[in-house]
Amino acid sequence: MHTTPSATTTQVVLPGLVEPSGLELATVPTPTPGPGKLLVEMEATGISFAEQSMRKGRYFGQPAFPFVPGYDLVGRVLEVGTGGDATLIGKRVATLTKTGSWATHAVVAARDSILVPDGVSAEDAETVVVNGVTAWQMLHRAARVQPGQTILLFGANGGVGGILIQLARLHGVRVIGAASPRHHEALRAAGVIPVDYADPELATRVRELAPNGVDAVFDNVGGETTRTAFGLLARGGTLVTYSIITTMGGSGSLIAPFVTAIGQALVWSALPNGRSSTFYDLWAGHRFRPARFRRRLEADLGEVFRLLEHGDITANIAARFPLTDIVPAMELAESRTLNGKVVLHP
């Protein structure tokens, strides 16, 4: 099937440091893919913590304003660049983009695009592209958690947390989930032992649940929470930091807090106590080890899609909006009241 691309593309533009109401819609000529690229007609994209960070100018490595946000998308290939694989035309792919997905049509990198099984809907696939790869790689590659072990998960109600819980439970892992009390009922229903992430006695509570320490901690908070988390590890345990939410309220360059966090992880891992610490970066190896990056993306996202297709894990969609309703969609996503992902349709 080959569909003629629309002559124009609707896209959301982030013009600068603005509130969600300052996001703009633009109509531009539909782009043409160059070598190594695909033109994709977007079927679903979404709002993640990354775009919320970019709006505040607080995402490490974000491009200069103005730009089109959108960390990932699922859509159908309309054209391939010169020398590309023409058999992809008409097929659905999921693509990691980092930016550019909030558009009805987008030119994406073929090497960052993975085929979506026919049995998985576009919006279900969208919920697990970045979140699913992140959760899978943190659980199975960074921390190497084994069946029967116990983990402590911060951000348990978030997009990554929701998938990681399902993957961990499927793997026979006990999950202690740190989140606001309003999310505790939903966490219990998912088989998680909830704790209040803001509880001053959090460490005491976790030690009651895991007297010998937890086998892995997944931390998206940073700062003092990270130090507490490392102290809760069992011998042989691993702390995986996957975001630093505490930096969001600040200003200035983000280089310092990220360098500090990575340096701290290296120092802690060198201590002779059998515990390790790492800073997870989804894009690690993308530039300097592209073949390995592609192999892992294909294997890991492919496995998450397989689990989704077979019903072993489920997509958690909090709300759906057309792309043109980006302002209320963004406001809802930033309300921190949701359990699941806000999905955007063309």
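Residues numbered from 1 in each chain as written. Predicted model: local features only at pLDDT ≥ 70, side-chain atom pairs only at ≥ 80, totals over all residues. Heavy atoms only, no water.

Under an unreviewed UniProt entry, the protein has the name NADPH:quinone reductase and belongs to Plantibacter cousiniae.

A. Region of interest: the overall build of the protein. Assigned secondary structure in the protein consists of 10 helices and 15 strands. In terms of C-alpha radius of gyration, the protein reaches 20 Å, essentially the compact-globule figure of 20 Å for 346 residues. Seen through its C-alpha atoms, the protein measures out along the principal axes to roughly 60 × 40 × 40 Å. Considering the protein as a whole, with its 346 residues, one finds that 50% of them fall into the buried category. Residue pairs in contact within the protein that sit at least 24 positions apart in sequence constitute 67% of those at least 6 positions apart. Of the roughly 15,000 Å² of accessible surface on the protein, a fraction of 53% belongs to carbon and sulfur atoms. (Helix = DSSP H or I, 4+ residues; strand = E, 2+ residues; numbered from the N terminus. Rg over C-alpha atoms; globule rule 2.2 N^0.38 Å. Buried < 20%, exposed > 50% of the residue type's maximum accessible area, 1.4 Å probe, protein only. Contact = heavy atoms within 4.5 Å. Areas by Shrake-Rupley, 256 points an atom, 1.4 Å probe, with all protein chains shown as cover.)

B. Representation of the packing of helix 3 (residues 130-142) against helix 4 (residues 159-170) within the structure. One way to put it is that helix 3 packs onto helix 4 with a least axis distance of 8 Å and a crossing angle of 50°. Relative to helix 4, the element helix 3 lies oblique. Once helix 3 is placed against helix 4, the crossing between them reads as right-handed. Residues Asn 131, Gly 132, Thr 134, Ala 135, Trp 136, Met 138 and Leu 139 of helix 3 form the contact with helix 4, whose own contacting residues are Gly 159, Val 160, Ile 163, Leu 164, Leu 167 and Ala 168. Each residue belonging to the contact of helix 3 with helix 4 can be placed in one class, and the counts come to nine nonpolar, four polar and no charged. (Axes fitted to C-alpha atoms, helices over the stretch in contact; angles between N-to-C directions. Parallel < 35°, antiparallel > 145°, perpendicular 65-115°, else oblique. Left-handed = near helix turned anticlockwise from the far one by under 90°. Nonpolar A, V, L, I, M, F, W, Y, C, P; charged D, E, K, R; others polar.)

C. Looking closely at the nonpolar core. Formed by 80 residues in total, the largest nonpolar core has its most connected members in Ile 47, Trp 102, Ile 151, Leu 164 and Phe 218. Of all hydrophobic cores here, the second largest spans 18 residues; its members include Ala 203, Ala 210, Val 214 and Ala 229. (Core = buried A, V, L, I, M, F, W, Y, C linked by side-chain atoms within 4.5 Å.)

D. Region of interest: empty space enclosed by the protein. Tallying each qualifying case throughout the model produces one cavity of 30 Å³ or more. Estimated volume of the largest cavity: approximately 70 Å³. Lining the largest cavity are Thr 127, Asn 131, Gly 158, Gly 159, Gly 162, Ile 163, Gln 166, Asn 316, Gly 340 and Lys 341. For the lining of the largest cavity, the leading source of residues is helix 4, giving four residues. (1 Å grid on protein atoms, 1.4 Å probe; cavity = no way out; pocket = protein on both sides within 12 Å on 5 of 7 lines; lining within 4 Å. Points joined across faces, edges and corners; volume = space filled by probe spheres on them.)

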